[in-house]
Protein chains: 2
Amino acid sequence: MTSFRFAVNVTPKPGILDPQGRAVQGSLGHLGISGVSAVRVGRRVELTVDAADGPAARDVVDQLARELLSNPLIETYDLEPIGAASSAIGVAVQEG
Amino acid sequence: MTSFRFAVNVTPKPGILDPQGRAVQGSLGHLGISGVSAVRVGRRVELTVDAADGPAARDVVDQLARELLSNPLIETYDLEPIGAASSAIGVAVQEG
């Protein structure tokens, strides 16, 4: 088994109302920031999965993202391998 | 002005209690998923910023992340240029 670190990025689907994004956009004026648009607020879940190989690890994360981390009616997700964050894990030896 | 699309990934600092991550981890058994650990739940904010060049755009996003999108006591953030999501914006012509 090897350890893999992934991030699951969950974002509101295009066209779906995003009240948090609206709130951020509404606060920009108070900060004196201009030129920012199309703000969408979603979730980012980082996790470590032990699996035989990369594709098997991705399958587990995909199931998790689909069944637990996202609402498929209003959200989309993508999976992102994050090697950098798992450098401490990356040295894990294959235990075979 | 050119348009740049960024994501701001906000995650709980190491050592900070993460109740959402705990909740996800507690649900894994019900889904029949094993081998998943170190779950951390954060936010992902995607936005478009109009600026003269890349570094200027990053400065705006960094200010926004620092002052509005994250709580520096308990969270860290990183900025991620997301070219793929901005392909439609990428063709924007310099207006001078």
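Above this text is the structure in question.
Conventions adopted
- Residues numbered from 1 in each chain as written.
- Chains lettered and ligands numbered in written order.
- Predicted model: local features only at pLDDT ≥ 70, side-chain atom pairs only at ≥ 80, totals over all residues.
- Heavy atoms only, no water.
- Least-squares fit on C-alpha atoms with pLDDT ≥ 70 in both.
- Contact = heavy atoms within 4.5 Å.
- Buried < 20%, exposed > 50% of the residue type's maximum accessible area, 1.4 Å probe, protein only.
- Helix = DSSP H or I, 4+ residues; strand = E, 2+ residues; numbered from the N terminus.
- Pairing = 2+ DSSP bridges.
- Arc of directions from axis to C-beta.
- Polar contact = N/O pair within 3.5 Å; in protein donor to acceptor, adjacent residues only side chain to side chain.

1. So, the relation of the copies chain B and chain A
And then number 1: Superposition of chain B onto chain A requires a rotation of 180° combined with a translation of 0.0 Å along the rotation axis, giving an RMSD of 0.0 Å. Read as a symmetry element, the transformation amounts to a two-fold axis. Among all residues of chain B, the one whose C-alpha sits closest to the rotation axis is Arg 43 of chain B, at a distance of 2.1 Å.
And then number 2: Of all interface residues in chain B, 100% are interface residues in chain A too; the two copies therefore contact each other through one and the same surface.

2. Overview of the pairing of strand S1 (residues 2-12) of chain B
Looking down a regular strand, the side chains alternate between one sheet face and the other.
Residue and element names in this part refer to chain B.
And then number 1: In terms of burial, S1 is a largely internal element, 9 of the 11 residues being buried.
And then number 2: Of the strand pairs in this sheet, S1 and strand S2 (residues 36-51) are connected by 9 bridges, and their pairing is antiparallel. Note on S2: the bridge partner recorded for Asn 9 is Arg 44.
And then number 3: As judged from the 7 bridges shared by S1 and strand S3 (residues 75-81), these two strands associate in the antiparallel manner. Counterpart to Phe 6 in the pairing with S3 is Pro 81.

3. Details of the pairing of strand S2 (residues 36-51) of chain A
And then number 1: In terms of burial, S2 of chain A is largely enclosed, as 12 of its 16 residues are buried.
And then number 2: Direction of pairing for S2 of chain A relative to S2 of chain B: antiparallel, over a ladder of 11 bridges. The residue of S2 of chain B that forms the bridge with Thr 48 of chain A is Ser 37 of chain B.

4. Topic: helix H2 (residues 54-69) of chain A
And then number 1: Here H2 of chain A has its buried residues at Ala 57, Val 61, Leu 64, Ala 65 and Leu 69 of chain A. Within H2 of chain A, the buried residues cover an arc of 100° as seen down the axis, which keeps them to one side. Among the exposed residues of H2 of chain A, those oriented more than 90 degrees off its buried face are Pro 55 and Asp 59 of chain A.
And then number 2: Buried residues along H2 of chain A sit in contact with strand S1 (2-12), S2 and strand S3 (75-81) of chain A together with helix H1 (19-31) and S2 of chain B.
And then number 3: Put simply, Asp 53 of chain A is the residue that caps the front of H2 of chain A, since its side-chain oxygen is 3.0 Å from the backbone nitrogen of Ala 56 of chain A.

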